[in-house]
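# Structure assessment
Listed below, chain by chain, are the residues.
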Number of protein chains: 2
Amino acid sequence: MLYIIGLGLADERDITVKGLEAVKACERVYLEAYTSILMVDKQRLEAFYGKPVLVAHRETVESDSDEILRDADRVDVAFLVVGDPYGATTHTDLVLRARQRGISVKTIHNASIMNAVGATGLQLYNFGQTVSIVFFTDDWRPDSFYDRIAENARLGLHTLCLLDIKVREQSIENLMLGRQIFEPPRYMPASLAAQQLLEVEATRKTGICTEDALAVAVARVGSDDQLIRAGSLRQLADSDFGAPLHSLVLVGSRLHLLEADILRENAIDLDSLNAILKRNFDI
Amino acid sequence: MLYIIGLGLADERDITVKGLEAVKACERVYLEAYTSILMVDKQRLEAFYGKPVLVAHRETVESDSDEILRDADRVDVAFLVVGDPYGATTHTDLVLRARQRGISVKTIHNASIMNAVGATGLQLYNFGQTVSIVFFTDDWRPDSFYDRIAENARLGLHTLCLLDIKVREQSIENLMLGRQIFEPPRYMPASLAAQQLLEVEATRKTGICTEDALAVAVARVGSDDQLIRAGSLRQLADSDFGAPLHSLVLVGSRLHLLEADILRENAIDLDSLNAILKRNFDI
């Protein structure tokens, strides 16, 4: 059996009781380590599970699924995914490969940012499609996410923006020399996401991600250290929300009173939030 | 402290380790029993937690939050919610009331249908806004959800339809006589949802929820008994997917190949699914 187990959002105790029982019964345990991260390290998971955890990098899962699935028709293998297992496409791919070999697959779900974003007080019903924002470089600034945000905005819907994670990046030099030396991991902060949105708006001038557009920064959701802060995109761009992971929500015009009340509790600055609510939403 | 704890999708072992520890430390434990249900009863939860569980009905949470929040500034109180806590508005309301009294609130997240719907193989990124479909009666057929579905469809996005739950309904007679006698609970099956969608389409004739529109029925997600079946709305309307809870997904035109592959694995009838994929999606 291949168990695909969501670990939830913050630390080793966010796994479900069912998930933990499965891990304890598995012969091999892989941790998917490229679409998201927990706020604790592998050693803490190993201590909690009482067994070794093998880190599966993107290239392992995509090209070497043979090893992950080895003997899984006879023994139990766990594939751990931060959040819920079905956030990213590669896991669907692993499920399909397993089924093709006649290996049973069991999924154990958990919270992911896709539903935990409800902690902002914004209703999940009022969210449109989710987008991903990648790190801009000097010569690579893909901004198609802006079209999706605009589609949501035209319907008055909120947009959850997932922010880029770079792990196991190689410098051009190391890549060319074939050296397995990796740059330190990078996690996009909500402030940089806000900045990039303002940059795209400056070019496109669609009036959606303006300086005073209402947005919410979400940091370390599910941890004791969780931070949720509402303000203008300009305020978010100028703020520091601390350690990763961050997400960002753009607030749509269907915002209702109860949602606004919770945003006020999390205002970067209450007076300016009230001014934005009055000016942009008339509430 | 008020702990608001998600229970996940299926049974008592879907709570997180962190959530279970909190429940065990709480003086009073409430179970919210009107927006969703687990597939196990209260007795099983009580045996698992080793303490009594008080059922909180909608009227308790909305009008009698005083009792739930009693002494929560001094002792720990747990409020359990099936799925993740922030699916429904009333929980936001409870959080606000707690904060107004200076009571700390801690949320422990879990899976909900809003992210577990990824088990269909449809990518969460490709979903638009979520809608709710209520039981139609002879003289009450609110169909504004159809406008939302149409908005999603025009963008090529999938729609998750949450299906109505009726608990503690009173007959007109019992209501008028003030008798606290309740009808048996009702949970909308995916087949009825498909049928209602076809009925609305028959009136509106927008060409979105047609007989051969592609949809996916999701039943008892997260349980050993989970069932996911893809087919036309007509096929879904004519099928029986067993015990509750059910949801239904309408598939949008942005469907990509990997998503279609998983749908094929779950086809009600593979030949007719392939015909629909060819005709409606050209894949």
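Here the structure is a predicted model, which means the values were calculated and not measured. (Residues numbered from 1 in each chain as written. Chains lettered and ligands numbered in written order. Predicted model: local features only at pLDDT ≥ 70, side-chain atom pairs only at ≥ 80, totals over all residues. Heavy atoms only, no water.)

### Looking at the overall build of chain A
As a reminder, the rule being used: Helix numbers and strand numbers start at the N terminus; a helix is a DSSP run of H or I with at least 4 residues, a strand a run of E with at least 2. Note on contacts: a residue pair is in contact if any heavy atoms of the two residues lie within 4.5 Å. Surface accessibility follows the Shrake-Rupley procedure with a 1.4 Å probe radius. Residue values consider only the protein chains on display as shielding. Counting rule applied: Lys, Arg positive; Asp, Glu negative; His and chain ends not counted. Positions of charges follow a simple convention, taking NZ of Lys, CZ of Arg, CG of Asp or CD of Glu.
For chain A, the count of helices and strands is 12 helices and 12 strands. C-alpha atoms of chain A, sized along the principal axes, occupy 65 × 45 × 35 Å. Nonlocal contacts in chain A, meaning residues at least 24 apart in sequence, comprise 71% of its contacts between residues at least 6 apart. A total accessible area of about 11,600 Å² is found for chain A, and carbon and sulfur atoms account for 49% of it. Looking at charge distribution, chain A has the averaged site of its 30 positive side-chain charges lying 3 Å from that of its 41 negative ones.

### Topic: the packing of helix α11 (residues 257-265) of chain A against helix α12 (residues 270-281) of chain A
Residue and element names in this part refer to chain A. Rules: Working convention: axes come from line fits to C-alpha atoms, limited for helices to the stretch in contact. Angles between N-to-C directions cover 0 to 180 degrees. For this classification, under 35 degrees means roughly parallel, over 145 means roughly antiparallel, 65 to 115 means roughly perpendicular, and everything else is oblique. Helix crossings get a hand from a simple test, with the near helix turned counterclockwise from the far one by less than a right angle marking a left-handed crossing and a clockwise turn marking a right-handed one. Here the nonpolar group is Ala, Val, Leu, Ile, Met, Phe, Trp, Tyr, Cys and Pro; Asp, Glu, Lys and Arg are the charged ones; every other residue, Gly included, is treated as polar.
The geometry of α11 relative to α12 is characterised by a closest axis approach of 10 Å and an angle of 155° between their N-to-C directions. Between α11 and α12, the angle is such that the two are roughly antiparallel. Seen from above, α11 lies across α12 with right-handed handedness. In this structure, α11 contributes A260, L263 and R264 to the contact, and α12 contributes L270, L273, N274 and L277. For the contact of α11 with α12, the residue count by class is 5 nonpolar, 1 polar and 1 charged.

### Quick look at the relation of the copies chain B and chain A
Basically, it comes down to this: The copies were overlaid by least squares, fitting only the C-alpha atoms of residues that reach a pLDDT of 70 or more in each copy.
Once turned by 180° and shifted 0.0 Å along the axis, chain B lies on chain A with an RMSD of 0.0 Å. Taken together, the rotation angle and the small translation identify this as a two-fold axis.

### Focus on the interface of chain B and chain A
Just so we agree on the cut-off: Summed over both partners, the accessible area lost on bringing two parts together, with a 1.4 Å probe, is the buried area. We count a salt bridge whenever a side-chain nitrogen from Lys or Arg sits within 4 Å of a carboxyl oxygen from Asp or Glu. Pairs of N or O atoms are called polar contacts if they sit within 3.5 Å, as long as, within protein, a hydrogen donor faces a hydrogen acceptor (for residues adjacent in sequence, only side-chain-to-side-chain pairs).
Contacts between chain B and chain A engage 53 residues on the former and 53 residues on the latter. Note on chain B versus chain A: buried area summed over both sides is about 4,600 Å², and carbon and sulfur give 55% of it. Ranking the residues of chain B by area buried against chain A places B:R13, B:K18 and B:Y125 at the top, with a combined share of 14%. At the boundary of chain B with chain A, the tally comes to 12 salt bridges. B:E265 is paired through a salt bridge with A:R99; the nearest N and O atoms lie 2.9 Å apart. Inspection of the chain B/chain A interface yields 28 residue pairs in polar contact (both at pLDDT 80 or more). Of all the secondary structure elements, the ones that give two or more residues to the side of chain B that touches chain A are α1 (17-25), α5 (89-100), α6 (113-116), β6 (131-133), α7 (145-154) and α11 (257-265) of chain B. The greatest single-element share of the side of chain B that touches chain A, amounting to 5 residues, is contributed by α5(B). Tallied by class, the residues present in the side of chain B that touches chain A amount to 23 nonpolar, 15 polar and 15 charged.

### Looking at the packing of aromatic side chains
Residues and elements named next belong to chain A. Which entries qualify depends on this criterion: Ring pairs are drawn from Phe, Tyr and Trp, using the six-membered ring of Trp, whenever the two centres fall within 6.5 Å, and their geometry is named by plane angle: stacked under 30 degrees, edge-to-face over 60, tilted for the rest. Burial here depends on accessible area, computed with a 1.4 Å probe over protein chains only, as a share of the maximum for the residue type. Under 20% is buried, over 50% is exposed, and the range in between is partly exposed. We call a charge positioned over a ring when the NZ of a Lys or the CZ of an Arg lies within 6 Å of the ring centre and within 35 degrees of the ring normal.
In the structure shown here, the tally under the stated rule is 4 aromatic pairs over all chains. For the ring pair F48 and Y49, a centre distance of 6.2 Å and an interplane angle of 55° mean the geometry is tilted. Given the relative accessible area of 3%, Y49 is considered buried. Arranged with centres 6.3 Å apart and planes meeting at 25°, the rings of F136 and F145 form a pair that is stacked. Taken individually, F136 and F145 each receive the classification buried, so the pair is uniform in this respect. In this structure, R186 is placed above the aromatic ring of F135, and the distance from its NZ or CZ to the ring centre is 4.3 Å.

### A word on the environment of A:S144
With respect to the helices and strands, the residue A:S144 is situated in the loop between β6 (131-133) and α7 (145-154). Expressed as a C-alpha distance, the spacing of A:S144 and A:T159, which sit 15 residues apart in the sequence, is 14 Å.

### Some words on the nonpolar core
Note on soluble globular proteins: their nonpolar side chains tend to be buried together. Quick note on the threshold: Residues belong to a common nonpolar core when they are buried Ala, Val, Leu, Ile, Met, Phe, Trp, Tyr or Cys residues joined through side-chain atoms within 4.5 Å.
A:F79 and B:F79 are the most contacted members of the largest nonpolar core, which has 92 residues in total. Every residue in contact with A:F79, bar those within four places of it in the chain, is listed here: A:L2, A:Y3, A:I4, A:I5, A:Y30, A:E32, A:A56, A:V61, A:I68, A:H91 and A:L94.

### Section: helix α2 (residues 42-49) of chain A
Residue and element names in this part refer to chain A. Just so we agree on the cut-off: Directions pointing from the helix axis toward each C-beta atom define the arc.
Looking at α2, one finds that the buried residues are L45, E46 and Y49. Viewed along the axis of α2, the buried residues span an arc of 100°, placing them on a single side of the element. Lining the buried residues of α2 we find α1 (17-25), β2 (28-32) and β4 (77-81). Positive phi appears at G50, one or two residues downstream of α2, with a value of about 70°.

### Brief notes about the sheet that holds strand β12 (residues 246-250) of chain B
Residues and elements named next belong to chain B. To be explicit about the condition: Only when DSSP finds a minimum of two bridges between them are two strands counted as paired.
Judged by pairing direction, the sheet is mixed, and its 5 strands sit side by side in the order β6-β7-β12-β10-β11 without closing on themselves. At either end of the open sheet lies a strand with only one pairing partner, and these are β6 and β11 (227-232). On average, each strand axis in the sheet is inclined to that of its neighbour by 25°, with strand direction left out of account. Sheet topology places strand β10 (residues 214-219) next to β12; 5 bridges connect them, and they run antiparallel. Within β12, the position partnered with A219 by the bridge is H246. Across the sheet, helix α9 (residues 190-204) lies against β6, β7 (159-163), β10 and β12, angled at about 40° from β12, the strand it touches most. Of the strands in this sheet, β10 and β11 touch helix α12 (residues 270-281), which is tilted by about 135° from β10.

### With respect to the UniProt feature "binding site: S-adenosyl-L-methionine" (unreviewed entry) in chain A
Heads up, the condition is: UniProt positions are given in the numbering used here, feature names are shortened, and annotations may be inferred rather than shown by experiment.
Under the feature "binding site: S-adenosyl-L-methionine" (unreviewed entry), the UniProt entry names A:L9, A:D84, A:G87, A:S112, A:I113, A:L163, A:V221 and A:H246. Its relative accessible area of 13% is what places A:L9 among the buried residues. Sequence-distant contacts of A:L9, defined by excluding residues within four places in its chain, comprise A:D14, A:I37, A:L38, A:M39, A:A111, A:S112, A:I113, A:A116, A:V221, A:G222 and B:H109. Taking the relative accessible area as the measure of exposure, A:I113 reaches 16% and is therefore buried. Sequence-distant contacts of A:I113, that is, excluding residues within four places in its chain, are made with A:L9, A:L160, A:L162, A:V218, A:V221 and A:S247.

### So, the sheet that holds strand β5 (residues 105-108) of chain B
All names here are of chain B. Strand order in the open sheet formed by 5 strands is β3-β2-β4-β1-β5, and the pairing between neighbours is parallel. Two strands in the sheet have a free side with no partner beyond their single neighbour: β3 (54-56) and β5. Pairwise comparison of adjacent strand axes, ignoring direction, gives a mean angle of 25° for this sheet. As paired elements, strand β2 (residues 28-32) and β3 share 3 bridges and run parallel to each other.

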